[in-house]
Amino acid sequence: MTFSCLQPPPLPDPHIDLDAYEAGADLMVLNLGPQHPSTHGVFRIKLVLDGEIIVKAVSYPGYLHRGVEKLFEKLTYAQVTPIVDKNDYLSPMINEQAINMVFEAGLGIEVPRRARWMRTIIAELQRIASHLVAIGTFVLDVGGAIGGGASVFMYTFRERELILDIFEELTGARFHYNTHQVGGQRHDVPLGWDVKIRAAMDSIEKSMDLYDTLTSKNGIFRGRSLGVGVLGRDLALQLGLNGPVGRASGIDLDLRRDAPYHLYGELDVQVPVLTEGDCLARFRMRALEVRESIRLIRILLEDVPEGPIAALKPSKGPTAVKLKDGQWYVGVESPRGELGHYLIASAGANKGMSPYRLKIRPPSLHLVSLVPWLLPGNSLSDAIAILGSLDPVMGEVDR
Amino acid sequence: MADLLANPWLRGILSSVVLATGVLVVAAWATWFERKFAGRMQNRIGPNVVGPAGLLQPIADALKLLRKEMLVPRKADAFLFRFAPGFALFLTLAVVAAIPWGQDIYVADLDVGLLWVLAMSGMMLFPLWLAGWASNNKYALFGGMRAVAQGISYEVPLLLSAMVPVVLAGSFNLRTIVEYQSVHGWFAIWPPGIGVIAFVIYFTTSLAEAGRIPFDIPEAESELIAGTSVEYTGMPYGLFVTVEYIHTWLSSAVATVLFLGGWSGPGSHIWVVGLCWMLLKTFILFAFIYAMRWSLVRFRADQLMHLCWKWLVPITLGLVCLAAVWVNVTAGGR
């Protein structure tokens, strides 16, 4: 039985038959990566080029495979959190939240309001930090490591540093935090944290204008990104894209607004949507989201809830959390799209202390799946720009 | 001493050694300057460990490069691979010979000095192409092909815009061009409109010639990693970098001579003052190139071609005609 309305329209063919390609063409195979500086990690793309125009692109992810999902099955629920820090290494906080939220769903416990408030603020700060890296690396890809791109990259890293400082004050770590636990937070808010966050937000908001001047108001930058690598709404839907890349192609979906978690239900999250779907739109989308996150953080800082930061008593060790049989899925809005965790728990798996199976739905994998569709027809230079505008994180793709 | 200098052979050798050394020192210092300058632009400090304010950093870099092994890829054309960097350095130093750094500071006073300069810097395509081809690397090959395509295209507006001062001054001799400007004013200012547009276009195209951002397409690190020099290690790589810096410095120097009055300026009858004027003007252009480099992104190869053939070539052709008309109408001030 088929439902014709559910049948997707035919996709463009990324698997072009090279033998049928123009008879006299002198095709050349160029291996981009896995050590290429612009592939954002270890990612290999085999390009078939006609001159400088890409005819076919085949992607080979997997160089960063660490067997994380298998590892989950050996670790207890409390031990999983520090591992997921390394998946999307540009937004470790959101990984921690997502995985702890699925455990909390399994236990059926309510996270205290203060902890949810902290999680909301941390998530938005992390989103800004991650988008700053995306903005910087995209300009780096367009402008070169020894050139204007590097300047914007340095500026964005300067602002990101402010957020890392804030996280360091909270957790003591700068990158792999391990600050979330099942049922709440591990560390309470330090004194004077809000003042620091407000100062950082002011500073970042000011420099967002500077980035605009250097990038989207610059003629050469516009020329390099406007109308390049256009991703249509249909293709985006069929490949399961959401997040900034999907929203830049007109998919009006944001889990913060449409399936609220943390304190997002009480906030009026304004979701920017662009319809152009090109590199410039994806770039601008991230800048718009940074501004929206700054606005949300300012609203959140106005009212700090009191109370406990964890629903469970301080963890007595790895055996503290045990789950019964069941299946749960929780998706959160990561800076790259929907980050989902699908948990199958069994009382038999390590006496109920470990997941039977924990599947991650990484948004970056869906971004990378665009490569065979978006790259053909563009030049080599544009391919790098497109790849940079998608902003995949390989740690998350390969897991 | 004066007798010694009267000997043309000795004078030639001495002056070339002095100028070649000077230019290489400038190139070494330029790397320091650029890194410091870029650091300031990016809220960094830049090199500050080796020597006072990091001034000895270029020497440390050169020593490091000298100590490194020169690797030749197995399937590379070993002779051409080794030949290319030296050839590039030879060509850039050949350009230096014809540039008048002061009223009497030059190696060769050629009647066709401008042609020599443009020809030698135009030849820079060959070492880049040789390096790209001999490396037997696809990225290097791309870099070489892009270098040739870009160089050939940008040669046309470069030559045409350089013709404007030639038409106005009525000479190919660089010293005559400067002397004409010291009497009648800089070509970048006078004649109105023509001169300044020609100056801007000359400066832009010489950036493309020297492969500087926004025209550094042959070595585009983000896509071609390092373009033509991707397989080079050690000092041969260092030579390519040095040549790039000298080339940028020389582009500024030639632009100064052609459009900004070269050594002319208050008190330029004293040779030291003249030299200082020349170096100061060159340095300002040079610093401007680096300010652009660290704030702009690069063009795509086809956008570059559009800019060249659809805009710069017609405009420069028109400028040369206008300059000819101007010379005839005003009788050239002669």
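Residues numbered from 1 in each chain as written. Chains lettered and ligands numbered in written order. Predicted model: local features only at pLDDT ≥ 70, side-chain atom pairs only at ≥ 80, totals over all residues.

1. A word on the overall build of chain B
Of regular secondary structure, chain B possesses 13 helices and zero strands. Seen in sequence order, chain B has helices and strands lined up from the N terminus as α-α-α-α-α-α-α-α-α-α-α-α-α. Whereas a compact globule of 334 residues would reach a radius of gyration of roughly 20 Å, chain B reaches 20 Å, a difference of no more than 12%. For chain B, the spread of C-alpha atoms along the principal axes amounts to about 60 × 55 × 45 Å. Pairs at least 24 residues apart make up 76% of the contacts formed inside chain B by residues separated by at least 6 positions. (Helix = DSSP H or I, 4+ residues; strand = E, 2+ residues; numbered from the N terminus. Rg over C-alpha atoms; globule rule 2.2 N^0.38 Å. Contact = placed C-beta atoms within 7 Å.)

2. Some details on the sheet that holds strand 2 (residues 44-50) of chain A
Residue and element names in this part refer to chain A. Reading across the sheet, the three strands line up as 1-2-3 and stay open at both edges, with antiparallel pairing between neighbours. Both outer strands of the open sheet, strand 1 (27-32) and strand 3 (53-60), are each paired with one neighbouring strand and no more. The sheet shows a mean angle of 20° between the axes of neighbouring strands, taken without regard to direction. (Pairing = 2+ DSSP bridges. Axes fitted to C-alpha atoms, helices over the stretch in contact; angles between N-to-C directions.)

3. As for helix 14 (residues 380-390) of chain A
Residues and elements named next belong to chain A. Burial runs high along helix 14: eleven of the eleven residues are buried. Taken residue by residue, helix 14 has Leu380, Ser381, Asp382, Ala383, Ile384, Ala385, Ile386, Leu387, Gly388, Ser389 and Leu390 as its buried positions. Just downstream of helix 14, Asp391 is the residue with a positive phi angle, here 55°. (Buried ≥ 20, exposed ≤ 12 C-beta atoms within 10 Å, placed from the backbone.)

4. With respect to the nonpolar core
The biggest cluster of nonpolar side chains holds 199 residues, and the ones touching the most others in it are Ile386 of chain A together with Ile99, Tyr202, Trp249, Leu258 and Phe259 of chain B. Sorting elements by how many residues they give to this core places helix 4 (residues 113-143) of chain A first, with 17 residues. Each of domain 1 (4-60) and domain 2 (68-398) of chain A accounts for three or more of the residues forming this core. Apart from residues no more than four positions distant in its own chain, Tyr202 of chain B is found in contact with Leu158, Ser161, Ala162, Ala255, Leu258 and Phe259 of chain B. (Core = buried A, V, L, I, M, F, W, Y, C linked by C-beta atoms within 7 Å. Domains from an automatic or database assignment.)

5. A look at the packing of helix 6 (residues 193-214) of chain A against helix 11 (residues 279-302) of chain A
Residues and elements named next belong to chain A. Running from N to C, helix 6 and helix 11 cross one another at 155°; their axes reach a closest spacing of 10 Å. In terms of axis orientation, helix 6 runs roughly antiparallel to helix 11. Of the two possible hands of crossing, helix 6 and helix 11 adopt the one that is left-handed. Contacts from Asp194, Ile197, Arg198, Met201, Ile204, Glu205, Met208 and Tyr211 of helix 6 reach helix 11 at Ala287, Val290, Arg291, Ile294, Ile297, Arg298 and Leu301. (Parallel < 35°, antiparallel > 145°, perpendicular 65-115°, else oblique. Left-handed = near helix turned anticlockwise from the far one by under 90°.)

6. Observations regarding the sheet that holds strand 6 (residues 326-334) of chain A
All names here are of chain A. Strand order in the open sheet made by the three strands is 6-7-8, with antiparallel pairing throughout. Two strands lie at the open edges of the sheet, namely strand 6 and strand 8 (355-361), each paired on one side alone. Averaged over all pairs of adjacent strands, the angle between strand axes in this sheet comes to 15°, irrespective of strand direction. In this sheet, strand 8 lies alongside strand 7 (residues 337-345) in antiparallel orientation, the contact comprising six bridges. Counterpart to Leu343 in the pairing with strand 8 is Leu358. Helix-sheet contacts for helix 3 (residues 92-107) involve strand 6 and strand 7, and the interaxial angle to strand 6 is about 150°.

7. Quick notes on the domain arrangement of chain A
By a widely used convention, the size of an interface equals the accessible area lost when the partners come together. Parsing chain A into structural domains produces domain 1 (4-60) and domain 2 (68-398). When residues in the side of domain 1 of chain A that touches domain 2 of chain A are grouped by element, the largest group, seven residues, is from strand 3 of chain A.

8. Observations regarding the interface of chain A and chain B
Residue-level contacts link 30 residues of chain A with 24 residues of chain B. At the level of elements, strand 1, helix 4, helix 5 (148-171), helix 7 (219-225) and helix 14 of chain A are the ones that each hand at least two residues to the side of chain A that touches chain B. Taken together, the residues of the side of chain A that touches chain B break down into 14 nonpolar, eleven polar and five charged. (Nonpolar A, V, L, I, M, F, W, Y, C, P; charged D, E, K, R; others polar.)

9. Focus on helix 9 (residues 194-210) of chain B
All names here are of chain B. With 17 residues, helix 9 should cover 24 Å at 1.5 Å per step; its first-to-last C-alpha distance of 24 Å lies within 8% of that length. Most of helix 9 is tucked away: 14 of the 17 residues are buried. One or two residues past the end of helix 9 sits Gly211, with phi positive at roughly 65°. (Expected span 1.5 Å × (residues − 1).)

10. Description of the pairing of strand 7 of chain A
Residue and element names in this part refer to chain A. Here strand 6 runs beside strand 7; their pairing, made up of nine bridges, is antiparallel. Each residue of the ladder has a partner; that of Gly331, found in strand 7, is Gly340. The hairpin turn running from strand 6 into strand 7, its antiparallel successor, is two residues long.

11. Section: the packing of helix 9 of chain B against helix 11 (residues 234-259) of chain B
Residues and elements named next belong to chain B. Close contact between helix 9 and helix 11 brings their axes to 10 Å; oriented N to C, the two are set at 165°. It follows that helix 9 is roughly antiparallel to helix 11 by the angle criterion. The handedness of the crossing between helix 9 and helix 11 is right-handed. Residues Gly195, Phe199, Tyr202, Phe203, Ser206, Leu207, Glu209 and Ala210 of helix 9 form the contact with helix 11, whose own contacting residues are Glu244, His247, Thr248, Ser251, Ala255, Leu258 and Phe259. Looking at the contact of helix 9 with helix 11, its residues break down into eight nonpolar, five polar and two charged.

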